[in-house]
Amino acid sequence: MKFFFTNDLWLFDPATDYMIRMLPEGFFYDMVMRIGAWFVGGLVLLFAVMAGWRQRALWKFWERHKKNDRKSTDSQ
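The notes below deal with the structure included here. (Residues numbered from 1 in each chain as written. Predicted model: local features only at pLDDT ≥ 70, side-chain atom pairs only at ≥ 80, totals over all residues. Heavy atoms only, no water.)

### Here's the deal with the overall build of the protein
Argument step 1. Counting its secondary structure elements, the protein contains two helices and zero strands.
Argument step 2. Expressed as a percentage of the 76 residues in the protein, the buried residues total 0%.
Argument step 3. Counting only carbon and sulfur atoms, one obtains 69% of the accessible surface of the protein, whose full area is about 7700 Å². (Helix = DSSP H or I, 4+ residues; strand = E, 2+ residues; numbered from the N terminus. Buried < 20%, exposed > 50% of the residue type's maximum accessible area, 1.4 Å probe, protein only. Areas by Shrake-Rupley, 256 points an atom, 1.4 Å probe, with all protein chains shown as cover.)

In C-alpha cells, the structure reads:
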C-alpha cells in the first residue's frame, strides 16, 4: 500500500474531520450492500431472461425438427 500512498493524509480522524462525521462507516457499508444487491439482482434477471430466450429458441428448433422428420417420414 505504500506504493500508492506515501503519507497518512488520506486517513480521516473522527475528532477533526467533518467528512467522517457526516458519512460514517455504516453509510458506506449500506451503500456497498445496496450496490451489491442491485448487481446480483441484475445478474439473476439477466440469467432468467437468457435462460428463457434459450429455452424458446430450443423449443422452436425442436418444433421445426419434428416437422422436418414428419415430412421425410411421410414421403418415404
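Back to the write-up after that little detour.
### Thoughts on a nonpolar patch on the surface
Argument step 1. Taken together, the side chains of F39, V40, L43, V44, L45, L46, V49, M50 and W53 make up a nonpolar region of the molecular surface, amounting to roughly 940 Å² of accessible area.
Argument step 2. Mapped onto the secondary structure, M50 falls in helix α2 (residues 25-75). (Patch = residues over 30% accessible without salt bridge, like charges linked within 9 Å, V, L, I, M, F, W, Y side chains within 5 Å. Salt bridge = Lys/Arg side-chain N within 4 Å of Asp/Glu carboxyl O.)

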